[in-house]
Amino acid sequence: MKKGLLVSFLIASVFGAFANNNDAIEENKKSVSSETGMIEENISSPSNNVLQLSAQTSTSAPNLQQMEEKLTTWQKIVANLPKISGYLQTGFAYNSLGNHTASFQAKRLRLILDGNVTEKISFRLQIEAFNGIAGSVNGNGQKNLQVMDAFATYKLSPGFQIRAGQFYTPIGYENYDISPATLETVDFSNICYRMVCRNAIGYDFVDYGRDLGIMFMGDIMPDKEKGFSHLSYNFAVTNGHLPAKDDNNKSKDIIAALTVRPVKDFNLKVGYNWGEYKPWNPNSDTFAGVGNYQSMNRFVVGAWYNNPTGLDLRAEFGNIIAKNNGYELVKETGFYLLAAYRIGGYRWLPVLRYDMYHDSVNKYSLNNYNRGLAGLTYQPHPNVKIQLNYLLSFYSKEVADVSNNGKKNSSQLLLMGLFKF
């Protein structure tokens, strides 16, 4: 009896397991069928996917538009920020004068800030970090900071602009149209250094050709097809004293310059300066009895042919004259001729320069010379140039005996690198 009941229970359990398994299989079939139906529905109705993607795109479109607006805003902010630039000029210099000198030099370090106040008003700030103006070094004789430029320019039109503040005066090419960053040689000629960047009565050292005042300028008679103007003018009223310093008398300098361009690559320039100055050393023999309003005239005229991919040919002549009761206080004359040729675009620039200077008052000064320069500039990058210059100066017997230990010549060797940023 018990055996019969046990057999019946085992048979019932086996059939129950089979039944449960069949139910699970059927349930799985239904699930697979349901998923397959969804896939088939999506395949047969691709518009559902498109609608979903379109909905996502329409949702993200405002975000993209906001990002573009933010980017445009930042671009405008960056575009309106002042532009920072400048350059470093450093290297090695040898000079045979006196006991001979040989030294590595920190020659120039310019920091420049250009910006716009309004659409028509711009400003410039330029600082020289290696300033060597006499009297401006620190107690250890080290070079220090000097404000070079601090001016604003109001551009009513290309033909009429107004500049106010401390700016570079428009006499000569080298002080106004050229900077150390674009100069073909390491140093300027004495047309620039002694005639334009120095006041022979007010102070006898380089002032970088800067002055405080107001200037009217413009470019007129434009040739729009060739991209240049046939005529440029400058007219300035300035202190006629040291930059970054108030005037020491009531008289003001008058400076005028005119540039004529018959063709794009060639121009003629004339510049004139009149002023009255207080002598820097009134107790000297030269300036004894001279008052605080001694007049002086400066005049520079030049011609320049400059092909950006070829020949560069420039010449300037200038003089300074100051008289008191028929007696010559200052009488200096200078001239230079420079020839250079660009090879390989901007990469190579061989250059030759002849210059002379004559000081009729200080006849035995070393500033009475004839000088030749031979140089080579290598520019591997638009912002980098390496310059090698050799200069040989010749003196008269009188100058050599008095000022150069009887030697009729002296030489200089300059190797400088200039790095713009």
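All values reported here derive from a predicted model rather than from experimental measurement.

Colleague: Help me understand the nonpolar core in this model?
Modeller: In summary, soluble globular proteins display a tendency toward joint burial of nonpolar side chains. One finds Ile201, Met296 and Val330 to be the most contacted residues of the largest nonpolar core, which totals 38 residues. The dominant element in this core, judged by the number of residues it contributes, is strand β14 (residues 327-341), at five residues. In contact with methionine 296, other than residues within four places in its own chain, are Asn199, Ala200, Ile201, Asn273, Trp274, Gly275, Tyr277, Ile320, Ile321 and Ala322. Formed by seven residues, the second largest nonpolar core is a distinct cluster that contains Tyr173, Ile178, Phe188 and Trp304.

Colleague: Would you mind showing me how to read the environment of glutamate 128 here?
Modeller: Within the secondary structure, glutamate 128 is located in strand β3 (residues 121-131). Given the relative accessible area of 0%, glutamate 128 is considered buried. Taking C-alpha positions, glutamate 128 is 9.7 Å from glycine 86, a pair spaced 42 residues apart along the chain. Discounting chain neighbours no more than four positions away, the residues touching glutamate 128 are Arg108, Leu109, Arg110, Asn144, Leu145, Gln146, Met148 and Tyr208. There is a polar contact of 2.9 Å between the side chain of glutamate 128 and the backbone nitrogen of leucine 109. There is a polar contact of 2.5 Å between the side chain of glutamate 128 and the side chain of arginine 110.

Colleague: Would you explain the layout of surface pockets in this entry?
Modeller: Its boundaries defined by the atoms lining it, the second largest pocket holds a volume of some 560 Å³. When residues of the lining of the second largest pocket are traced back to their parent elements, those giving at least two are β4 (144-157), β5 (160-168), α3 (173-176), β8 (210-223), β9 (228-238), β10 (253-263), β11 (266-277) and β12 (294-306).

Colleague: Whenever I open this one, the pattern of salt bridges confuses me. Can you help?
Modeller: This structure, assessed with the given rule, holds 15 salt bridges. Between aspartate 187 and arginine 108 there is a salt bridge; the shortest N-O distance is 3.7 Å. Pair noted here: aspartate 187 is in the loop between α3 and α4 (190-196) and arginine 108 is in strand β2 (residues 101-116), with a separation of 79 residues, a long-range link. With a relative accessible area of 7%, arginine 108 lands in the buried category. With its nearest N and O atoms 2.8 Å apart, the salt bridge here joins aspartate 177 to lysine 269.

Colleague: Which parts of the structure should I look at to understand the pairing of β5?
Modeller: The two faces of a sheet get side chains in turn, since along a regular strand they alternate between them. Note that β4 and β5 share seven bridges and pair antiparallel. Residue pairing in the sheet places serine 157 in a bridge with phenylalanine 160 of β5. Adjacent in sequence and paired antiparallel, β4 and β5 are bridged by two residues. Pairing of β5 with β8 involves eight bridges; the strand directions are antiparallel. Its bridge partner lying in β8, tyrosine 168 is registered against arginine 210.

Colleague: Got a minute to help me understand the packing of aromatic side chains in this structure?
Modeller: In this description, an aromatic ring pair is defined by two values, namely the gap between the centres and the angle between the planes. In the structure shown here, the tally under the stated rule is eight aromatic pairs. Residues phenylalanine 151 and tyrosine 168 carry aromatic rings whose centres are separated by 6.1 Å and whose planes lie at 75 degrees to one another, so their mutual orientation is edge-to-face. Remark: tyrosine 168 occurs in strand β5 and phenylalanine 151 occurs in strand β4; sequence separation between them is 17 residues. Here phenylalanine 151 matches tyrosine 168 in class, with each residue buried. Relative to tyrosine 378, the ring of tryptophan 348 lies with its centre 4.5 Å away and its plane at 35 degrees, an arrangement referred to as tilted.

Colleague: Help me understand the side chain of arginine 261 in this model?
Modeller: Tracing the backbone through its elements, the reader meets arginine 261 in strand β10. Put simply, arginine 261 is tucked away with no salt bridge, and the nearest opposite charge, on aspartate 219, sits 4.8 Å away. Setting aside chain neighbours within four positions, we find arginine 261 in contact with Phe228, Ser229, His230, Leu231, Ser232, Phe266 and Asn267.

Colleague: Help me understand empty space enclosed by the protein in this model?
Modeller: The probe, sized like a water molecule, is rolled over the atoms to show the empty space still left. What the rule picks out here adds up to one cavity of 30 Å³ or more. Here the largest cavity is characterised by a volume of approximately 110 Å³. Along its surface, the largest cavity is lined by 15 residues, and Thr169, Val196, Asp207, Asp211 and Arg298 are the ones closest to its centre. Put simply, the parts of the chain that give the lining of the largest cavity at least two residues each are β8 and β10.

Colleague: Explain unusual backbone geometry to me, please; I cannot follow it from the model alone.
Modeller: Glycine aside, residues mostly have negative phi, and peptide bonds are mostly found in the trans state. At methionine 221, a residue that is not glycine, the phi angle is positive and equals roughly 55 degrees. Tracing the sequence through the fold places methionine 221 in strand β8. Phi at asparagine 325 takes a positive value of approximately 55 degrees, unusual for a residue other than glycine. Of note, asparagine 325 is situated in the loop between β13 (311-324) and β14.

Colleague: What is the right way to read the state of the cysteines from this model?
Modeller: A disulfide bridge is the covalent bond that connects two cysteines by way of their sulfur atoms. The tally for this structure, following the rule as stated, stands at zero disulfides. As a non-bridged cysteine, cysteine 192 has cysteine 197 as the owner of its nearest cysteine sulfur, 3.6 Å distant. Overall, cysteine 197 belongs to the buried group, its relative accessible area being 4%.

Here is what the cut-offs are and how they apply
Residues numbered from 1 in each chain as written. Predicted model: local features only at pLDDT ≥ 70, side-chain atom pairs only at ≥ 80, totals over all residues. Heavy atoms only, no water. Core = buried A, V, L, I, M, F, W, Y, C linked by side-chain atoms within 4.5 Å. Buried < 20%, exposed > 50% of the residue type's maximum accessible area, 1.4 Å probe, protein only. Helix = DSSP H or I, 4+ residues; strand = E, 2+ residues; numbered from the N terminus. Contact = heavy atoms within 4.5 Å. Polar contact = N/O pair within 3.5 Å; in protein donor to acceptor, adjacent residues only side chain to side chain. 1 Å grid on protein atoms, 1.4 Å probe; cavity = no way out; pocket = protein on both sides within 12 Å on 5 of 7 lines; lining within 4 Å. Points joined across faces, edges and corners; volume = space filled by probe spheres on them. Salt bridge = Lys/Arg side-chain N within 4 Å of Asp/Glu carboxyl O. Pairing = 2+ DSSP bridges. Phe/Tyr/Trp six-rings, centres within 6.5 Å; stacked < 30°, edge-to-face > 60°. Lys, Arg positive; Asp, Glu negative; His and termini not counted. Disulfide = S-S within 2.5 Å.

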